[in-house]
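Take a look at the letters that make up each chain.
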Amino acid sequence: TEYLPRKAAGRAPARVLFTGEAGSGKTALVLRSALSRIRAGRRAPAIVVVAPRTGELRGWQDPTSMFEAFDLHVVRCSREALPSALAALDGEVLIDTPATFRVTNDLDVHVRQVVDARAAGSAPSSDRLPADSVVLTHIDAAPALGYVTERLIAMNVPVSALIR
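About the thresholds
- Residues numbered from 1 in each chain as written.
- Predicted model: local features only at pLDDT ≥ 70, side-chain atom pairs only at ≥ 80, totals over all residues.
- Heavy atoms only, no water.
- Helix = DSSP H or I, 4+ residues; strand = E, 2+ residues; numbered from the N terminus.
- Contact = heavy atoms within 4.5 Å.
- Areas by Shrake-Rupley, 256 points an atom, 1.4 Å probe, with all protein chains shown as cover.
- Buried < 20%, exposed > 50% of the residue type's maximum accessible area, 1.4 Å probe, protein only.
- Pairing = 2+ DSSP bridges.
- Core = buried A, V, L, I, M, F, W, Y, C linked by side-chain atoms within 4.5 Å.
- Salt bridge = Lys/Arg side-chain N within 4 Å of Asp/Glu carboxyl O.
- Axes fitted to C-alpha atoms, helices over the stretch in contact; angles between N-to-C directions.

Enquirer: What's the story with the overall build of the protein in this structure? I'm lost.
Expert: Broken down by element type, the protein carries four helices and seven strands. When the helices and strands of the protein are placed in sequence order, the string is β-α-β-α-β-α-β-β-β-α-β. Nonlocal contacts in the protein, meaning residues at least 24 apart in sequence, comprise 70% of its contacts between residues at least 6 apart. In the structure as shown, the protein presents an accessible area of about 9100 Å², 50% of it carried by carbon and sulfur atoms.

See the structure below:
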């Protein structure tokens, strides 16, 4: 673990923000991460759902009811209210963001970029990726996994998971 950034080494970070393109698997990963923490005997994390701005609602499906179906505590807020929402929450927090979400430095969270390996065009770009780690999804159907891997190596970002 000496080669990994401090935030990525060891136990899963307490506050994780999932970001990525639409359909990359952010919401599913938030749910899987929450359930994994519960199965490990830890307290259920709070889930924060960041709603897109009014002009960016097209195609967005609010996942709040899905998280609530698993008895998870959910807070829904706007991008502007996210720092306040995080300040009001104790313990572990998992943050689900819309595809239009852009990470800024005002958040003290571990940023996990979710990349759909099926689309080589969705490979992360270092100019817009302030991520602490990357999760590759749909690797079993990836036609250009080598391309995505090359980009990750060039960016020097730890890969936290590979998911089918």
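Enquirer: Where do I start with the pairing of strand 6 (residues 133–137) in this structure?
Expert: Sheet faces and side chains relate simply in a regular strand, where the side chains alternate between the two faces. Burial within strand 6 is extensive, with five of its five residues counted as buried. Of the two faces of strand 6, the one carrying Ser133, Val135 and Thr137 and the one carrying Val134 and Leu136 are both buried. Direction of pairing for strand 6 relative to strand 7 (residues 159–162): parallel, over a ladder of three bridges. Paired with Leu136 across the bridge in strand 7 is Leu162.

Enquirer: Honestly, the nonpolar core in this entry has me stumped. Any pointers?
Expert: Soluble globular proteins tend to bury their nonpolar side chains together. Ranked by internal contacts, the top residues of the largest apolar core, which has 16 residues, are Leu17, Val48, Leu82, Leu86 and Ile95. Of all elements in the fold, only strand 2 (46–50), helix 3 (82–87) and strand 4 (93–96) reach the threshold of two or more residues within this core. Contact partners of Val48, with chain neighbours within four places excluded, come to Val75, Cys77, Leu82, Leu86, Leu89, Val93, Leu94, Ile95 and Asp96.

Enquirer: Is there a simple way to explain the pattern of salt bridges in this structure?
Expert: Here the idea is simple: oppositely charged side chains can pair when their charged atoms come close. Under the criterion given, the structure shown has five salt bridges. Arg53 is paired through a salt bridge with Glu80; the nearest N and O atoms lie 2.8 Å apart. Remark: Glu80 occurs in the loop between strand 3 (74–77) and helix 3 and Arg53 occurs in the loop between strand 2 and helix 2 (64–69); sequence separation between them is 27 residues. Here Arg53 falls in the partly exposed class, since its relative accessible area comes to 47%. Note that Asp106 and Arg79 form a salt bridge whose closest N and O atoms lie 3.0 Å from each other.

Enquirer: What am I meant to see in the sheet that holds strand 4 here?
Expert: Strands pair in a sheet through their backbones, by hydrogen bonds, and they do so in one of two ways: parallel or antiparallel. Strand order across the open sheet formed by seven strands is 3-2-4-1-5-6-7, with parallel pairing between neighbours. The sheet is open, and its two borders are formed by strand 3 and strand 7, each paired with just one other strand. Neighbour to neighbour, the strand axes of the sheet diverge by 20° on average, direction disregarded. The strands that helix 1 (residues 26–39) touches are strand 1 (15–20), strand 2, strand 4, strand 5 (110–116) and strand 6; relative to strand 4, the one it contacts most, it runs at about 165°.

Enquirer: Please clarify how the environment of Ala28 should be interpreted in this entry.
Expert: As for its placement among the helices and strands, Ala28 is situated in helix 1. Here the alpha-carbon distance between Ala28 and Pro63, two residues 35 residues apart in the chain, equals 9.7 Å.

Enquirer: When you look at the environment of Gly23 in this model, what are you seeing that I'm missing?
Expert: In this structure, Gly23 sits in the loop between strand 1 and helix 1. A C-alpha to C-alpha distance of 7.7 Å links Gly23 and Asp116, two positions 93 residues apart in sequence. Residues contacting Gly23, with those up to four places away along its chain left out, are Asp116, Arg118 and His138.

Enquirer: Would you mind going over the pairing of strand 1 with me for this structure?
Expert: In terms of burial, strand 1 is a largely internal element, five of the six residues being buried. One ladder, built from four bridges, connects strand 1 with strand 4; its direction is parallel. Each bridged residue has a counterpart across the sheet, and for Leu17 the counterpart in strand 4 is Ile95. Relative to strand 5, strand 1 runs parallel, the two being bridged by five bridges. If you follow Leu17 over to strand 5, its bridge partner there is Val111.

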